[in-house]
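# Summary of the model geometry
Single-letter residue listing:
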Amino acid sequence: MPEFAPLKNDLILRAARGEKVERPPVWVMRQAGRYLPQYHVVKGKNDFFACCRNPELASAITIQPIDHYDGYLDAAIIFSDILVIPQAMGMKVDILDKIGPHFPEPLREPSELETKLNKDVDVLKELDWAFKSITETRLKLNGRVPLLGFCGGPWTLMVYMIEGGGTKLFRYAKTWLYAHPEASHELLSRITDVAVEFLVQQVVAGAQMLQVFESWAGELGPKEFKEFSLPYLRTISSRFRKRLLELGITEHIPLTIFAKGAWYALDWLADSGYDVVSLDWLFDPKEAVKIANGRVVLQGNLDPGTMYGSKEVISKKTEEMIHDFGGGKQGYIVNLGHGTQPFFDPENLGWFLKEVHRVGSA
């Protein structure tokens, strides 16, 4: 491994460890992406996954928002996608323009677990490009801010692998849960195995903090979440820690869980081995603080749609949010409640970041 430059800004790592900080750190989910004009220049005619698999392009895109909002973002997050795990497991995934992810041959029957998926996944080999991108990006950042890695949550990846893309009905995934629960658990377990090793190897490559995106959590009721999501999320956090120690990595790497829409699950997630729980905008921050009760750091949760409002509205909502989370000097990381959208005005997002600094430093 190369020698990485010492961090000039470790604010988010200190906050994630629960330490008192001078202001709340801020980053934005999907901060490297289509809303920035320079993204399209670098991407050129390459398709989405070609950009992800090219360390030069991926690192350039990752760093774009750090340059664009110089001094206002406290972390970079690697430009990649949650669906690289299904790819590593042997499934073909395309990103179709104006449609999104598409699996030409999704899993529809339990028997296909044996015919469409690799049994033994060599994570280092299959996702070698991802680790190279992380290392190159960490080197290029030169210590400006920490680099975040991530993966998809098992239930969320299962949905995509079975539905074949985005869905509003979840017909096929729910068929598996209720008609084939044993096969569902087998698939979730196999995804979890790959996710653990993928997260660990991202740390080896240079990632300094990680987030698990259980983006479809809200499509499960509380009982189903406790059966088909929560156990696997807990397995990820516990095995991740053990695996790092096996590799001789003793530094505490902060781990965040984002279970979008699972408003009922905060109490459980706060006892699941994660340092940070990221919240969507459906949460009342004051209630979330009460439920978490200091067990975890909270992250979030401004409605991304706020970016379509005026600067006055953005200022008001940002101030309210930081106040409701307790002021931001401990136990809090500022973020949106979900990712950026292609239609964002970069200037409005920049205003939000500046207001976070203003309000959080008061």
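The following refers to the structure shown. (Residues numbered from 1 in each chain as written. Predicted model: local features only at pLDDT ≥ 70, side-chain atom pairs only at ≥ 80, totals over all residues. Heavy atoms only, no water.)

### Description of the sheet that holds strand 5 (residues 209–214)
Strand order in the open sheet formed by seven strands is 1-4-5-6-7-8-9, and the pairing between neighbours is parallel. In the strand order of this sheet, the two ends are held by strand 1 (76–77) and strand 9 (332–336), each with one partner. Of the strand pairs in this sheet, strand 5 and strand 6 (residues 255–259) are connected by five bridges, and their pairing is parallel. The residue bridging Phe213 from the neighbouring strand is Phe258, located in strand 6. Most of the contacts of helix 10 (residues 181–205) go to strand 4 (residues 147–152), to which it runs at about 170 degrees, and overall it touches strand 4 and strand 5. (Pairing = 2+ DSSP bridges. Helix = DSSP H or I, 4+ residues; strand = E, 2+ residues; numbered from the N terminus. Contact = heavy atoms within 4.5 Å. Axes fitted to C-alpha atoms, helices over the stretch in contact; angles between N-to-C directions.)

### What to know about the packing of helix 7 (residues 128–141) against helix 10
Running from N to C, helix 7 and helix 10 cross one another at 35 degrees; their axes reach a closest spacing of 8 Å. Judged by the twist between their axes, the crossing of helix 7 over helix 10 is right-handed. Contacts from Ala130, Phe131, Ile134 and Thr135 of helix 7 reach helix 10 at Phe198, Gln201, Gln202 and Ala205. Tallied by class, the residues present in the contact of helix 7 with helix 10 amount to five nonpolar, three polar and no charged. (Left-handed = near helix turned anticlockwise from the far one by under 90°. Nonpolar A, V, L, I, M, F, W, Y, C, P; charged D, E, K, R; others polar.)

### Description of unusual backbone geometry
With an omega of -10 degrees, the peptide bond running from Gly300 to Asn301 counts as cis. Relative to the helices and strands, Asn301 is located in strand 8 (residues 297–302). Even without glycine at this site, Arg30 takes up a positive phi of about 60 degrees. Examined against the element boundaries, Arg30 turns out to sit in the loop between helix 1 (11–16) and helix 2 (37–43). Phi angles above zero are rare outside glycine, and Asn142 is one such case at about 55 degrees. Looking at where Asn142 falls in the secondary structure, it is placed in the loop between helix 7 and strand 4.

### A few points about the environment of Asp81
Tracing the chain through its elements places Asp81 in the loop between strand 1 and helix 5 (84–88). Residue Asp81 is classed as buried on the basis of its relative accessible area, which comes to 17%. For the pair formed by Asp81 and Cys52, sequence separation is 29 residues and the distance between their alpha carbons is 7.8 Å. Apart from residues lying up to four places away in sequence, Asp81 is in contact with Phe48, Phe49 and Phe150. Separated by 2.8 Å, the side chain of Asp81 and the backbone nitrogen of Leu83 make a polar contact. (Buried < 20%, exposed > 50% of the residue type's maximum accessible area, 1.4 Å probe, protein only. Polar contact = N/O pair within 3.5 Å; in protein donor to acceptor, adjacent residues only side chain to side chain.)

As far as function goes, none of this settles anything; it's purely spatial.
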